[in-house]
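Here is how the chains run, residue by residue.
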Amino acid sequence: QVQLAESGGGVVQPGRSLRLSCATSGFTFSDYAIHWIRQAPGKGLEWVAVISVDGTMQFYAESVKGRFTVSRDNSKNTLHLQMVSLTADDTAVYYCATGRYTSSWLPYWGQGTLVTVTS
Amino acid sequence: DIQMTQSPSSLSASVGDRVTITCRASQGISNHLAWYQQKPGKVPKLLIYAASTLHSGVPSRFSGSGSGTDFTLTISSLQPEDVATYYCQKYNSAPHTFGQGTKVESK
């Protein structure tokens, strides 16, 4: 079955960087766009970014544009979210999710990884 | 960017009640709308896509309707396990904005 698993979360100081990863199985990785969604503690869902199947297109939420970069290596079935200049507002559970296309509903989600930005 | 506004923000209903949640887009999005259910401490689950298509395995008491800017999620007969927060999401083009969520509680 389709599985996604995020890793790389943790506690980081404001202004520092962190890289999240999303490992997948159960589907042909190179055929699916991958999205990142986050959820601050006690808050709603916020769409963050998406990368196309071949990695040539990325789209970002305005709140992270210029600070977050999503990348993928289809030869290694890996996906990363590089986050720089982190602030307390970036504190959240980060989910990777997939739904085949960059513009698609999301039937498959990982369990999420918590990022806490604090001094 | 297109904004997604859900109403109400929360509601309380009895088991067996019909529950309706609305989602309004600030611009037309055709039928490119999905609904998700998130129970406390759990991962969101897809309920409906293309505004009205029930995702595999979702109980038939859930239904969706709408097109353009106005959409509705209906639970025909609320069950105890339906206590959750529900989100709409547009996916016609980036950013794929979520609504702010509607918390459904049981009386």
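For the structure itself, consult the block above.
Only a predicted model underlies this, so the values are computations on that prediction, with no experimental measurement involved.

**Q** Can you tell me about the overall build of chain A, naming the residues and giving the values?
**A** Along the backbone of chain A there are zero helices and 11 strands. Overall, the C-alpha framework of chain A stretches about 40 × 25 × 25 Å when taken along its three principal axes. Partitioning the intrachain contacts of chain A with sequence separation of at least 6 by distance along the chain shows that 53% fall at a separation of at least 24. Taken as a whole, chain A presents about 5500 Å² of accessible surface, with 48% of it coming from carbon and sulfur.

**Q** With reference to specific residues and values, describe the interface of chain B and chain A.
**A** Listed as interface residues are 18 residues of chain B and, on the opposing side, 19 residues of chain A. Of the roughly 1500 Å² buried at the junction of chain B and chain A (both faces included), carbon and sulfur atoms supply 69%. Among the residues of chain B in contact with chain A, Val43, His96 and Phe98 of chain B are the three that bury the most area, contributing 33% of the side total. The interface formed by chain B and chain A includes zero salt bridges. At the junction of chain B and chain A, the tally comes to six residue pairs in polar contact (both at pLDDT 80 or more).

**Q** Tell me about the sheet that holds strand β6 (residues 53–54) of chain B, and please be specific about residues and values.
**A** Residue and element names in this part refer to chain B. On the basis of which strands lie adjacent, the open sheet formed by six strands has the order β2-β10-β9-β4-β5-β6 and mixed pairing. Taken across any chain shown, the strands that pair with only one partner, and hence form the sheet edges, are β2 (10–13) and β6. With three bridges joining them, strand β4 (residues 33–38) and strand β5 (residues 45–49) adopt antiparallel strand pairing. Counted as the bridge partner of Gln37 is Lys45 from β5.

The rules behind these values
Residues numbered from 1 in each chain as written. Chains lettered and ligands numbered in written order. Predicted model: local features only at pLDDT ≥ 70, side-chain atom pairs only at ≥ 80, totals over all residues. Heavy atoms only, no water. Helix = DSSP H or I, 4+ residues; strand = E, 2+ residues; numbered from the N terminus. Contact = heavy atoms within 4.5 Å. Areas by Shrake-Rupley, 256 points an atom, 1.4 Å probe, with all protein chains shown as cover. Buried area = accessible area lost by both parts, 1.4 Å probe. Salt bridge = Lys/Arg side-chain N within 4 Å of Asp/Glu carboxyl O. Polar contact = N/O pair within 3.5 Å; in protein donor to acceptor, adjacent residues only side chain to side chain. Pairing = 2+ DSSP bridges.

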